Amino acid sequence: MDVLSVVGARPQFVKAAAVSQQLRGEHDERLVHTGQHYDTELSAVFFDELALPEPEFHLGVGSDSHARQTAAMMTELERIIDDESPDVVLVYGDTNSTLAGALVAAKSSPLLAHVEAGLRSHDWSMPEEVNRRLTDHCSDLLFTPGPHAKATLEQEGITDGVFVTGDVMYDTLLQIRDRLHTHGTEESDVPDEYVLATVHRAKNTDNQDRLESIIDAFEHLDTPVVFPAHPRTVAALREYGLWERTAAATHVIEPVNYGRFITLVEGATCVATDSGGVQKEAFYLDTPCVTLRETTEWIETVDAGWNVLVGADTDQIVDAVRAAADPPAKPDLYGSGNAATRIVRHLEQQVES
Ligand code: UD1
Ligand code: UDP
């Protein structure tokens, strides 16, 4: 089987690491890095740490408007898919790199497979919601992290080629956690007790009131906030004149590598985030999560009592962080950490049939 995998942004490196490892043992995989993320700490560190193979194709598109960025990716991807004629094009998640891969593959001959299908925030103002819905609706094979996502696809009329496989991010997390527990973790200069925060969602960074309201909350918390800040957020904080206040109120640091980040999630009393992946990682690592959004595509974590949606309201954030505690039980929501194996088996069956 000949697979062309398309990645480009930080969360996709974490997802692809598990599947790529599984694929390369038994099949031919070529990796395309669109170049959507290019800073060392958002890209290269993940390839090194997660033993992702050097991409066979690097498109180097960089940052741009949504249309220009997606179009640049599509132009290059069309040429590569034509030249390489893979059996399957594999896309991950909900970024512009996902959509570019999906739109090109859907109009060419290979099967299009979407990992992390069926998720919905039901908030069309999020670019990710547009990307994931369009990708699902043109995919041949849809791998969902749980039964809820499969039911969502069914409601939208997508019933063929849908498989519940579990969450590939859980595969990667279990692997790195084993490694960290065996080899020890890096020395860390964080306080003993802390809240771990990440913010990068367009709705929060591109709106000064929302971002300021979140920083106000961090200022009001009794527990110190460790804040690995996305470059987009740093730029917004500087533009709005909030950088000095943020630096005084929090332990703001550069984005950290995956192992360090997982260690920080595990050690935190609470996570405050607008990330998609981090909500799940908090759940896997038994850390309560306060989500700085009004909606989430990982709704099962909210229903299970491990996650609370507070948006960007200062008081709500402060109250939720202060109240955060472990709920009594933790259900299995997104599989058992063998999603990559299951995905590869389904791909084999579909390609051979
Ligand atoms: C993208 C994804 C988002 C995902 C996030 C993961 C889309 C629409 N968004 O958001 O779903 O959650 O990645 O982190 O695909 N920048 C740098 N260095 C980089 C990359 C970006 O400084 O290596 C800055 C640039 O100023 C850029 C801005 O960040 O304009 C936004 O980057 P972009 O990739 O467009 O979106 P993200 O916010 O990273
Ligand atoms: N992450 C990381 N270092 C950081 C922040 C995040 O390694 O400083 C990892 C995190 O563990 C998760 C992934 O990056 O697996 C999530 O990426 P992000 O929050 O940027 O994207 P999203 O999941 O919201 O699409």
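What counts, and where the lines are drawn
- Residues numbered from 1 in each chain as written.
- Chains lettered and ligands numbered in written order.
- Predicted model: local features only at pLDDT ≥ 70, side-chain atom pairs only at ≥ 80, totals over all residues.
- Near = placed C-beta within 6 Å.
- Helix = DSSP H or I, 4+ residues; strand = E, 2+ residues; numbered from the N terminus.
- Nonpolar A, V, L, I, M, F, W, Y, C, P; charged D, E, K, R; others polar.
- Domains from an automatic or database assignment.
- Axes fitted to C-alpha atoms, helices over the stretch in contact; angles between N-to-C directions.
- Parallel < 35°, antiparallel > 145°, perpendicular 65-115°, else oblique.
- Left-handed = near helix turned anticlockwise from the far one by under 90°.
- Contact = placed C-beta atoms within 7 Å.
- Buried ≥ 20, exposed ≤ 12 C-beta atoms within 10 Å, placed from the backbone.
- Pairing = 2+ DSSP bridges.

Within an unreviewed UniProt entry, the label attached to the protein reads UDP-N-acetylglucosamine 2-epimerase, and the organism entered is Natronorubrum sulfidifaciens JCM 14089.

**Topic: the site of ligand 1**
Near ligand 1 you find 18 residues, and of these Asp-39, Ser-63, Thr-95, Pro-231 and Arg-232 are the closest. Elements represented by at least two residues in the shell around ligand 1 include exactly helix H1 (10-26), helix H5 (127-137) and helix H10 (231-239). Ranked by the residues each element gives to the shell around ligand 1, the list is headed by H10, at three residues. Classifying every residue of the shell around ligand 1 gives seven nonpolar, six polar and five charged. There are two domains that each give the shell around ligand 1 at least three residues, and those are domain 1 (2-167 + 335-352) and domain 2 (187-323).

**Structural notes on the packing of helix H4 (residues 96-106) against H5**
Helices that pack against each other are described as a pair by the angle of their axes relative to one another and the distance between those axes. Viewed as axis vectors pointing N to C, H4 and H5 meet at an angle of 25 degrees, and their least axial separation amounts to 9 Å. Here H4 lies roughly parallel to H5, going by the angle between them. Once H4 is placed against H5, the crossing between them reads as left-handed. Residues Asn-96, Thr-98, Leu-99 and Ala-102 of H4 lie in contact with H5, whose contacting residues are Asn-131, Leu-134 and Thr-135.

**Examining the domain arrangement of the protein**
Entries for the protein in the domain assignment read domain 1 (2-167 + 335-352) and domain 2 (187-323). Between the C-alpha centres of domain 1 and domain 2 the distance comes to 26 Å. Between domain 1 and domain 2, the residue contacts involve 20 residues of the former and 15 residues of the latter. Where the side of domain 1 that touches domain 2 is concerned, the elements lending two or more residues are H1 and helix H2 (44-49). Sort the elements by how many residues they give to the side of domain 1 that touches domain 2 and H2 lands first, with three residues. A breakdown of the residues in the side of domain 1 that touches domain 2 according to their chemical character gives nine nonpolar, five polar and six charged.

**Let's talk about the environment of Glu-56**
Examined against the element boundaries, Glu-56 turns out to sit in the loop between H2 and strand E3 (57-58). Overall, the presence of 14 C-beta atoms within 10 Å leaves Glu-56 in the partly exposed class. For the pair Glu-56 and Leu-153, spaced 97 residues apart in sequence, the C-alpha to C-alpha distance is 33 Å. Apart from the residues lying within four places of it in its own chain, the contact partners of Glu-56 are Arg-30 and Leu-31.

**A few points about the sheet that holds strand E4 (residues 88-92)**
Spatially, E3-E2-E1-E4-E5-E6-E7 is the arrangement adopted by the seven strands of the open sheet, whose pairing is parallel. A strand with exactly one partner marks an edge of an open sheet, and here the two such strands are E3 and strand E7 (162-164). The pairing of E4 with strand E5 (residues 111-115) spans five bridges and is classified as parallel. Note that in E5 the partner of Val-88 across the bridge is Leu-111. Contacting strand E1 (2-7), E4 and E5, H4 crosses the sheet at an angle of about 155 degrees to E4. Relative to E5, helix H16 (residues 339-352) is tilted by about 165 degrees, and along the sheet it contacts E4, E5, strand E6 (141-144) and E7.

**What about the sheet that holds strand E8 (residues 195-198)?**
Spatial strand order, E10-E9-E8-E11-E12-E13: six strands in an open sheet with parallel pairing. This sheet does not close on itself; its edge strands, each paired only once, are strand E10 (251-253) and strand E13 (307-309). Going across the sheet, the axis of each strand differs from the next one's by a mean of 20 degrees, ignoring polarity. Two strands pair when backbone bridges link them, and E8 and strand E9 (residues 225-228) are joined in this way by two bridges, in the parallel orientation.

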